[in-house]
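# Breakdown of the fold
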There are 2 protein chains.
Amino acid sequence: MASSRDHVPRRAPTAHDVAALAGVSQSAVSRCFTPGASISEETRQRVQAAAEQLGYRPNLIARSLIKRRSTIVGVVIPGLQNPFYAAMLEALSADLATAGYRILLFNAPARDTPDPVLDEMLNYRVDALILVSSSLSSGLADECQKIGLPVVQLNRTTERSTVSSVVGDNRGGAEALARFLLACEHERFAFIAGLETSSTGKAREAAFLGTLGAAGKPVARGVANYVFEEAEAVARQMLGGAEPPDAIFCASDHMAIAALGVARTEFGLAVGRDISIVGFDDIQMAAWPQISLTTFRQPVRAMSSRAVAIIEAQLQGTRTGLSEVVPGDLVIRGSTRMPSHGVVDLGYERVWRPS
Amino acid sequence: MASSRDHVPRRAPTAHDVAALAGVSQSAVSRCFTPGASISEETRQRVQAAAEQLGYRPNLIARSLIKRRSTIVGVVIPGLQNPFYAAMLEALSADLATAGYRILLFNAPARDTPDPVLDEMLNYRVDALILVSSSLSSGLADECQKIGLPVVQLNRTTERSTVSSVVGDNRGGAEALARFLLACEHERFAFIAGLETSSTGKAREAAFLGTLGAAGKPVARGVANYVFEEAEAVARQMLGGAEPPDAIFCASDHMAIAALGVARTEFGLAVGRDISIVGFDDIQMAAWPQISLTTFRQPVRAMSSRAVAIIEAQLQGTRTGLSEVVPGDLVIRGSTRMPSHGVVDLGYERVWRPS
DNA sequence: TTGAAAGCGCTAACAA
DNA sequence: TTGTTAGCGCTTTCAA
C-alpha cells in the first residue's frame, strides 16, 4: 500500500506564506506580482525565489473581489452541434482572449430569455455578457444597465435601448437570395423557417417573402426549428407534394444541408438544375465538395470582433445600446443554377453582385 | 442631451445593504441565501423583500474565496471547427451543468502542454481541470496533485500516475477497421495520420499497421495534422500516385471527409466500390447522406460523462490516476464495400461485429 | 521602497 | 433563531 501521506491535499500557498519565507511583508509579495508596482530589484528576486519554491500562484478570485473586475465574460450560446455556433464560439474565444478576457460558458438550447442561467452568470460577477441568439428579459436588462454591465446580443436584435446588438445582414441577405433565385428563373418558391421566435429568422423571412411577393411570386412555408432532422422531414414533405418547389431557401445552412440530402438521395434530383437550394450562414461544410451549397455568408470573425469591441467600448465609456449590422456576401456554389448576370469570380469563390 | 444621471453605474448592492434595509444583521442575509440554514420564516420574508427591492444578488466570487470552492471547472479544448470537439464541449457542458459546475473555457489549437493557459486557469482556482486532446507538463501535474486538484485528460492517455484519463477504444477501433478492410478484400492500404505527437493517433496507427502487418500487408502513410485542407492534399497525392491505395484509413472523420471529397469529385472514384475510405470518431456529418462515411465511433456522451464522474470521485475521495477506455462500434456506411460476414443490422444503422 | 492596516463581500464559528 | 466576530487571499492607501 502506498504511503497515504502522498495524497494529503495541502492548501495552496498564499502570499502570506511567500512573505514569511522571503522575509518580507505580504504587500511586498503583492507588489512583486503587480506589473507597474514600485519594488526594488533585490526584493523582487527574493520574493520570486520564495514563490517558486512554494509553487505560489496569485489567487485571481481574491483579486477580483477587491478590484471588482473578474476579467471574465459570460457567453451564452446554443447548440454547438450547429457548426455556425461552434465557429462563433471559437471566434469569440480568440477575440476575448486577445482582449484579456476569459470565457465563462453557458451552452444551452436557444431560448429567448434563459433567466436562471443569466442569474448565475451575474452572480459570478462577469465583466460583460455576450448572448448568442438569445435575448434578455426587460428586468434583467434594466438590472445590467443599473450596475453598468455591458450586454451584447449576437445574432439577435433587440428594441431595448440599453442592450447592444450585432447581427449579420439578414434583410439584405435574404433579399439578395430572393433576387438571385429569380435571376435563376425559378418559378415555385419555398421557405423553411427556423424558430418562430427568432428575430433573425423573422427578418430573413420577411425580406425573402417581401422581395418575392413584389415579383408576384407566392412562397410555400415550413418550420424546422433549426433542427437537422426536422428540416429533412419538411423538405421530404415539400418535395413529395403535388406542386413541389423548384427553389428552396432554408433559414440556416444546417437546415439547407438537410434539405439538400433529401433532394439528392431520396428524390434523385439534380440539385443546381432541377432545383436550387440555398441557405444562410456559410458554415464550413457548405464549401465541402459533396455539399457545395449556395448561401449568404454571415462573417463570423467580423461579428465576433465587433461584439468584443462594443464590450470594450462600453466598459470604458458610457455609450450603450449600440446596434450594428455586419455585411456579407452571397456565395455561389453548386446547389443552384447559375444566373445570367451579376456573377463575380473572385478566384477562390464566386459571389453574386448584380450591378 | 439626456440626463447624465441615467448612466451612473452604481455599485451592485451587498448583503450589508440588504441587512440595513431589512433591519437585520448581515449574517441573517447570508443565511437567507444558504439552503439549509436556520432562519425564521419572518426574517426570511423581510430579507427577501429587501433583497428584491434592491436587486441584490449574492456575490459568488466572495463565496468562492471563503469556501475555497469555485464550482467552476476549467476546460481546455482545441479546434471547435472540428465537429468532434464541438460535440465533446457540448456534452461536457451538459454533464458539468448537471453536476453543478460552470465551465471556464479555453479553446486553442492542440498542443501538448499549453502551460501559460493552464497557469491562468489554476490562478482562477478552478475546482478541476479537463484537458481535451492535450496533456499536462510534469511540473504542473505535480502541482495539481499537491493541491488536490483533479485533472482528467480526455482523448489523450498519460503515463503520469496522478492524472486521470478517458479515451475511446483507439487500439480496438483501429484493429477492427483493419480487419474490416481486409474482409472487404482490399489490397493496397494507406493511412493518413493526424498529429505526430498525439498519443491517441499513435495508438490508432500502431494498431492499424500492426493488424495489417500481421496479414502481410504494407501500408502507405501521410500526415495531415488533423487539418481538412492538409488531408485533401495528402489524399490528392496518394490517389494521383503510381499505385494508388484502394483502402484509406484517416485518423479522424474530419480528415476522412476531406479525402472522400477528393476521391469523389476530383478522381471520380466510386467510393464504396473502387475504393473504401474510413474514419474515426463518428461525427454528426459522417451520417449525412452525401457523406455516408464508415467509421469507428467514439461515444462522446459516454466519454464526457465518465470524465465528469471521475472528477466528482476525485473531489470526494482520494482515488487518483484512473484511466478508462470507453468502447465503441464500427459503423458501416456507404464509403466502404460491404464485407461478406459480421455485418449486423440494428435497424437505424449497421455495425460490424465479426463472430 | 517598504510595512501596517483597512477592507473587497461573503461564510462560519461562537455566543447570546 | 439571531448578531457578533473573525477571517478567505488579496490590493491599496498611508506612514514610515
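Since the structure is predicted, the reported quantities are computational estimates derived from the model, not experimental observations. (Residues numbered from 1 in each chain as written. Chains lettered and ligands numbered in written order. Predicted model: local features only at pLDDT ≥ 70, side-chain atom pairs only at ≥ 80, totals over all residues. Heavy atoms only, no water.)

## Quick word on the relation of the copies chain A and chain B
Just so we agree on the cut-off: Least-squares superposition aligns the copies on the C-alpha atoms of those residues with pLDDT at or above 70 in both. It only takes one pair of heavy atoms within 4.5 Å for two residues to be counted as in contact.
The two copies are related by a screw motion: chain A maps onto chain B through a turn of 180° and a shift of 0.0 Å along the axis, at an RMSD of 0.1 Å. What the rotation and shift describe, once combined, is the action of a two-fold rotation axis. Closest approach to the rotation axis within chain A is made by the C-alpha atom of Leu104 of chain A, at a distance of 2.4 Å. The residues that chain A uses at the interface reappear at the interface of chain B in 100% of cases, marking a shared surface.

## Let's talk about the sheet that holds strand 10 (residues 294-297) of chain B
Residue and element names in this part refer to chain B. Definition in use: By the convention used here, strands pair only if DSSP detects at least 2 bridges between them. Secondary structure elements are defined from DSSP: runs of H or I of at least 4 residues count as helices, runs of E of at least 2 residues count as strands, and each element is numbered from the N terminus. The axes are straight lines fitted to the C-alpha atoms, using for helices just the contacting stretch, and the angles between their N-to-C directions are given from 0 to 180°.
Taking strand neighbours across the sheet as the criterion, the eight strands line up as 7-6-8-9-10-12-14-13 in an open arrangement whose pairing is mixed. For this open sheet the edge positions go to strand 7 (219-223) and strand 13 (343-345), each flanked by a neighbour on one side alone. Between one strand and the next, the sheet's axes are offset by a mean angle of 25°, whatever the strand orientation. One ladder, built from two bridges, connects strand 10 with strand 12 (residues 330-332); its direction is antiparallel. The residue of strand 12 that forms the bridge with Phe296 is Leu330. Contacts between helix 8 (residues 170-183) and the sheet are confined to strand 6 (189-193), strand 8 (247-250), strand 9 (276-281), strand 10, strand 12 and strand 14 (350-352), with strand 9 contributing the most and set at about 165° to the helix.

## Re the pattern of salt bridges
Here is the rule: The rule for a salt bridge is simple: a side-chain nitrogen of Lys or Arg has to be within 4 Å of a carboxyl oxygen of Asp or Glu. Exposed residues in this analysis have more than 50% of their type's maximum accessible area, buried residues have under 20%, and partly exposed residues fall in between, with area computed by a 1.4 Å probe over protein chains only.
Following the criterion strictly, the structure yields 36 salt bridges over all chains and no others. For the salt bridge of Arg333 of chain A with Asp282 of chain A, the shortest nitrogen-to-oxygen distance reads 3.1 Å. In this pair, Arg333 of chain A sits in the loop between strand 12 (330-332) and strand 13 (343-345) while Asp282 of chain A sits in the loop between strand 9 (276-281) and strand 10 (294-297), placing the two residues 51 residues apart along the sequence. Of the two residues, Arg333 of chain A and Asp282 of chain A, both sit in the buried class. In this structure, Arg69 of chain B engages Asp127 of chain B in a salt bridge whose closest nitrogen and oxygen atoms are separated by 3.9 Å. One end of the pair, Arg69 of chain B, is in the loop between helix 4 (60-67) and strand 1 (72-77); the other, Asp127 of chain B, is in the loop between helix 6 (115-123) and strand 3 (128-132), with 58 residues separating them in the sequence.

## A word on empty space enclosed by the protein
Rules: Only protein atoms enter the 1 Å grid used here, on which a cavity is any set of points holding a 1.4 Å probe that cannot leave and a pocket is any open set flanked by protein within 12 Å on both sides along at least five of seven lines; residues with an atom within 4 Å of a point are listed as lining. Grid points are joined across faces, edges and corners, and a volume is the space filled by probe spheres set on the points. Only Asp, Glu, Lys and Arg are considered charged in this grouping, and only Ala, Val, Leu, Ile, Met, Phe, Trp, Tyr, Cys and Pro are considered nonpolar; every other residue, Gly among them, is considered polar.
In total, this model carries five cavities of 30 Å³ or more according to the counting rule given. Volume-wise, the largest cavity comes out at about 100 Å³. Looking at the largest cavity, it is lined by 13 residues, and the ones nearest its centre are Ile61 and Ile72 of chain A together with Ile61, Ile72 and Tyr124 of chain B. When contributions to the lining of the largest cavity are tallied by element, the ones reaching two or more residues are helix 4 (60-67) of chain A together with helix 4 of chain B. No other element matches helix 4 of chain A, which puts three residues into the lining of the largest cavity. Grouping the constituent residues of the lining of the largest cavity by class yields 11 nonpolar, two polar and no charged.

## Considerations on the UniProt feature "domain: HTH lacI-type" (unreviewed entry) in chain A
To keep it simple, the criterion reads: UniProt positions are given in the numbering used here, feature names are shortened, and annotations may be inferred rather than shown by experiment.
Per the UniProt record, the feature "domain: HTH lacI-type" (unreviewed entry) sits at residues 13-67 of chain A. Its end C-alpha atoms 21 Å apart, residues 13-67 of chain A is made of 67% helix and 0% strand.

## Overview of the interface of chain A and chain B
How big an interface is tends to be stated in terms of accessible area lost as the parts join. Condition: In this description, buried area is defined as the sum, over both parts, of the accessible area (probe of 1.4 Å) that is lost when the two are combined. For the purposes of these results, a polar contact is taken to be a pair of N or O atoms within 3.5 Å, where, inside protein, one atom must be able to donate a hydrogen and its partner to accept one; residues adjacent in sequence count only when each atom of the pair is a side-chain atom.
Contact with chain A, which involves 62 residues of that partner, is made by 62 residues of chain B. Summed over both partners, the interface of chain A with chain B buries about 6000 Å², with 57% contributed by carbon and sulfur atoms. Its largest share of buried area at the contact with chain B, chain A owes to Arg57, Tyr124 and Gln290 of chain A, together 14% of the area lost on that side. The interface formed by chain A and chain B includes six salt bridges. In this structure, Glu120 of chain B engages Arg102 of chain A in a salt bridge whose closest nitrogen and oxygen atoms are separated by 3.1 Å. Summed over the shared surface of chain A and chain B, the result is 26 residue pairs in polar contact (both at pLDDT 80 or more). Broken down by secondary-structure element, the contributors of at least two residues to the side of chain A that touches chain B are helix 4, helix 5 (83-98), strand 2 (102-107), helix 6 (115-123), helix 7 (138-146) and helix 11 (253-266) of chain A.

## Structural notes on helix 10 (residues 228-239) of chain B
Residues and elements named next belong to chain B. For clarity, the cut-off: Take the residue count of a helix, subtract one, and multiply by 1.5 Å to get its expected span. What the arc covers is the set of directions going from the helix axis to the C-beta atoms.
With 12 residues, helix 10 ought to run about 16 Å at 1.5 Å a step, and its terminal C-alpha atoms sit 16 Å apart, in line with that. Looking at helix 10, one finds that the buried residues are Phe228, Ala231, Glu232, Val234, Ala235, Met238 and Leu239. Down the axis, helix 10 shows its buried residues gathered within 165° of arc, on one side only. Exposed side chains of helix 10 directed beyond 90 degrees from the buried face belong to Glu229 and Gln237. Where helix 10 is buried, its residues touch strand 6, strand 7, strand 8 and helix 11 (253-266).

## A word on the side chain of His254 of chain B
Here His254 of chain B lies in helix 11. Under the relative-accessibility criterion, His254 of chain B is labelled buried at 5%. Beyond its immediate stretch of four places on either side in the chain, His254 of chain B contacts Gln284 and Trp288 of chain A together with Gln81, Asn82, Pro83, Tyr226, Phe228 and Ile283 of chain B.

## Some points on the protein's contact with DNA strand D
Rules: The cutoff for a nearby residue is simple: one of its non-hydrogen atoms must lie within 4 Å of the molecule or strand.
Taken together, 26 residues are adjacent to DNA strand D, and Ser30 of chain A together with Ser27, Arg31, Thr43 and Ile66 of chain B come closest. Sugar plus phosphate, as a fraction of atoms of DNA strand D within 4 Å of the protein: 56%. Here Thr43 of chain B contributes a side-chain N or O atom positioned 2.3 Å from a phosphate oxygen of DNA strand D. Looking at the surface near DNA strand D, the elements that each hand over two or more residues are helix 2 (26-32) and helix 4 of chain A together with helix 2 (26-32) and helix 4 of chain B. Its residues placed into classes, the surface near DNA strand D shows 10 nonpolar, 10 polar and six charged.

## A closer look at helix 3 (residues 41-54) of chain A
All names here are of chain A. Here helix 3 is 14 residues long and its end C-alpha atoms lie 20 Å apart, about the 20 Å a rise of 1.5 Å per residue gives. Listed as buried for helix 3 are Thr43, Val47, Ala50 and Ala51. Down the axis of helix 3, the smallest arc covering the buried residues is 100°, so these residues share one side. Looking at helix 3, the residues exposed on the side facing more than 90 degrees away from the buried face are Glu42, Glu52 and Gln53. Close packing links the buried residues of helix 3 with helix 1 (15-22) and helix 2. Looking one or two residues past helix 3, Gly55 carries a phi angle of roughly 70°, positive in sign.

## Focus on the protein's contact with DNA strand C
Around DNA strand C, the surrounding shell holds 26 residues, and the nearest of these are Ser38, Thr43 and Ile66 of chain A together with Ala15 and Ser30 of chain B. Per the 4 Å cut-off to the protein, sugar and phosphate atoms form 60% of the nearby atoms of DNA strand C. Within the backbone of Ala15 of chain B, one N or O atom sits 2.5 Å away from a phosphate oxygen of DNA strand C. Residue Asn59 of chain B places a main-chain N or O atom 2.9 Å away from a phosphate oxygen belonging to DNA strand C. Those elements giving two or more residues to the surface near DNA strand C turn out to be helix 2 and helix 4 of chain A together with helix 2 and helix 4 of chain B. Of the residues belonging to the surface near DNA strand C, the class tally is 10 nonpolar, 10 polar and six charged.

## Notes on the sheet that holds strand 5 (residues 164-168) of chain B
Strand order in the open sheet formed by 12 strands is 11(A)-5(A)-4(A)-3(A)-1(A)-2(A)-2(B)-1(B)-3(B)-4(B)-5(B)-11(B), and the pairing between neighbours is mixed. A single partner strand is all that each edge strand has here, and the edge strands are strand 11 (323-326) of chain A together with strand 11 (323-326) of chain B. When strand polarity is set aside, the average angle formed by the axes of neighbouring strands in this sheet is 20°. Bridge analysis of strand 3 (residues 128-132) of chain A against strand 4 (residues 151-154) of chain A gives four bridges, and the strand direction is parallel. Looking across to strand 4 of chain A, one finds that Leu131 of chain A is bridged to Gln153 of chain A.

## Examining unusual backbone geometry
Peptide bonds are trans in most cases, and residues, glycine excluded, mostly fall at negative phi. All names here are of chain B. Phi is positive for Asn225, which is not a glycine, with a value near 55°. Take Asn225: it is sitting in the loop between strand 7 and helix 10. Owing to a relative accessible area of 30%, Asn225 belongs among the partly exposed residues under this scheme.

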